[in-house]
Amino acid sequence: MSNNSNEQRVIVVGTRQSALALTQSGQVIDELKRISEQQGLGYTFEIRKIITKGDRILDVTLSKVGGKGLFVKEIEQALLDGEIDIAVHSMKDMPFELHEGLMNGATPKRVNPLDCLVTRNGHDLDSLPQGARVGTSSLRRSSQLKNRRPDLQLESIRGNIDSRMRKLETEGFDAVVLAAAGLTRMGWEDRISALIPEDVCIPAVGQGALGIECRVNDSQVRELLALLNDRETDITVRAERSFLGTLNGGCQVPIGAHATIISEEADGPLLELTGMVGSPDGETLLKEIKRGKDPEELGKKVAESLIASGADRILAEIGG
Ligand SMILES: NCc1[nH]cc(CCC(=O)O)c1CC(=O)O
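Note that the structure is a prediction, hence the values are computed from the model and not measured.

Asks: In this structure, what is going on with the overall build of the protein? I would like to understand it.
Replies: Within the protein, the regular secondary structure consists of ten helices and 13 strands. When the backbone C-alpha atoms are referred to their principal axes, the protein occupies close to 65 × 50 × 35 Å. Within the protein, buried positions represent 50% of all 320 residues. Considering only intrachain contacts with a sequence separation of at least 6, the fraction spanning at least 24 residues in the protein is 67%. Here the protein displays about 14600 Å² of accessible surface, and carbon together with sulfur accounts for 46% of that area.

Printed below as a string of C-alpha cells:
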C-alpha cells in the first residue's frame, strides 16, 4: 500500500471506464504529477479501470437497481483493499456519506457549474420551437425547464455524455440537456449551443466540481491531495451538500443548489447560497437565497426555510 521511500511509491488512481471518468482521472493525474515534481516528491502514477455494476446495467432505470451508490461501492472496496489509492469522482455523484476509513482528500477548482443545451440547430432555451423534444432524465432539469417552457416535450434519455449527444441525432431530439462541465472537460465546448442561466435552472449540488477520495490513514496521499484543494470550491460545495443532506435528497429528486463567495471579510468569506426544490411537473418551484459564514449552517438554514415553504410535501409526493 505504501512504501517507506517516497521515491518508489506508485500511486494508483482507480476510475470508471466512461470517457468522462477517464478524462477526469487523467487530468487529475497530470495535476498531481506537476505538484509531485514541483515538491520533489518523486511519486509516479498509474491508472486502473474498474467496471462497476452500475456500468454493466445501463439499460435499466438507475433508481430501479439501487441508485448511484452502485457506481461507488466497488470503487470504495478497491480503496479499502489497497488495490487503488485514489478515486476521482464528479462531486455531484459522490455519496453523502463515504465509507468508514475513507474521506474526500481534495476538492479541486470547480469549472462552469451551469447546465447547457446541445441542440441540432443552435437554439437557446427561448428560441427552441414550440413543442420541441428535449432529452434529459434529470427531474431537476425537467422541472425547471417545464416551468420556463411548459410547451416543451421533456423525454427521458440515459447513458454517458457521448451517447446522449449521439441520441440527439439518432433519436430525433431537438435538444439534450447536459452539464457544461462535462463537455468542457472533454474538450467539447464547441458542442454547447447555449448555457442555461441560473435564474432558469439551478445546477445540481456540486455540479462542475470533483472530489478525490482516499484512505484516512494514507498520510502521504492526503498531504499530496491537500495541495490540489481549492478553498473556494471546497467551502461552497460544503454549503450545497449540507443543503442536500438536510433535505435528505437522493439523486432522483428535483433539488438544486449553488453557492458562491460574495466577499472576503476579516473573519472569513461570506457565502451566498441559492437552494431550489421543484415539483416534477414544473408548476411549483420553491427557491430561497441566504447569506452566511458557516457553510454547513447556511446549507441547513436554506433547507429549513424551503421545508417551511412546503418542500417536504413536494419531496414526500415524489417518494424519495
Ligand atoms: N449525472 C452524470 C454526470 N455526472 C457528472 C457529470 C458531468 C458534470 C459535472 O462534473 O458536474 C455528468 C454528466 C451530466 O450531468 O451532464
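On we go.
Asks: Any chance you could explain the domain arrangement of the protein here in plain terms?
Replies: Quoted interface sizes are often the accessible area lost when the parts come together. For the protein, the assigned domains read domain 1 (6-108 + 209-229), domain 2 (115-196) and domain 3 (235-315). Spacing between the C-alpha centres of domain 1 and domain 2 amounts to 28 Å.

Asks: Can you walk me through the side chain of Asp85 in this structure?
Replies: Here Asp85 lies in the loop between helix H3 (69-80) and strand E3 (86-90). Given the relative accessible area of 3%, Asp85 is considered buried. Within the structure, Asp85 has its side chain in polar contact with the side chain of Arg215 (distance 2.8 Å).

Asks: Teacher, can you tell me more about the site of the ligand here?
Replies: All residues adjacent to the ligand are Leu20, Ser90, Lys92, Asp93, Arg141, Leu178, Ala179, Ala181, Gly182, Arg185, Gln207 and Gly208. In this structure, an oxygen atom belonging to the ligand sits 2.6 Å away from a side-chain N or O atom of Lys92. Residue Arg185 places a side-chain N or O atom 3.3 Å away from an oxygen atom belonging to the ligand. When the free accessible area of the ligand is taken as 390 Å², the share hidden by the protein chains comes to 88%. Listing elements by their share of the shell around the ligand, those giving two or more residues are strand E8 (175-179) and helix H6 (180-186). No other element matches H6, which puts three residues into the shell around the ligand. Looking at side-chain class alone, the shell around the ligand contains four nonpolar, four polar and four charged residues.

Asks: How should I be thinking about helix H8 (residues 231-247) in this particular structure?
Replies: The α-helix advances 3.6 residues per turn, and as a result positions three or four apart in sequence lie on the same side. With 17 residues, H8 extends 25 Å from end C-alpha to end C-alpha; this agrees with the ideal 24 Å at 1.5 Å per step. Residues of H8 that are buried: Thr233, Ile235, Thr236, Val237, Ala239, Glu240, Arg241, Ser242, Phe243, Leu244 and Leu247. Structurally, H8 contributes buried residues whose contacts are with strand E11 (255-265), strand E12 (268-278), helix H9 (295-308) and helix H10 (311-318). Asn248, located one to two residues past H8, shows a positive phi value of around 60°.

Asks: Can you help me understand the side chain of Gln24 in this one?
Replies: Relative to the helices and strands, Gln24 is located in helix H1 (residues 19-38). Aside from chain neighbours lying at most four places away, what touches Gln24 is Val88, His89, Ser90, Arg185 and Leu210.

Reading the values: rules and limits
- Residues numbered from 1 in each chain as written.
- Predicted model: local features only at pLDDT ≥ 70, side-chain atom pairs only at ≥ 80, totals over all residues.
- Heavy atoms only, no water.
- Helix = DSSP H or I, 4+ residues; strand = E, 2+ residues; numbered from the N terminus.
- Buried < 20%, exposed > 50% of the residue type's maximum accessible area, 1.4 Å probe, protein only.
- Contact = heavy atoms within 4.5 Å.
- Areas by Shrake-Rupley, 256 points an atom, 1.4 Å probe, with all protein chains shown as cover.
- Domains from an automatic or database assignment.
- Polar contact = N/O pair within 3.5 Å; in protein donor to acceptor, adjacent residues only side chain to side chain.
- Near = heavy atom within 4 Å.
- Nonpolar A, V, L, I, M, F, W, Y, C, P; charged D, E, K, R; others polar.
- Expected span 1.5 Å × (residues − 1).

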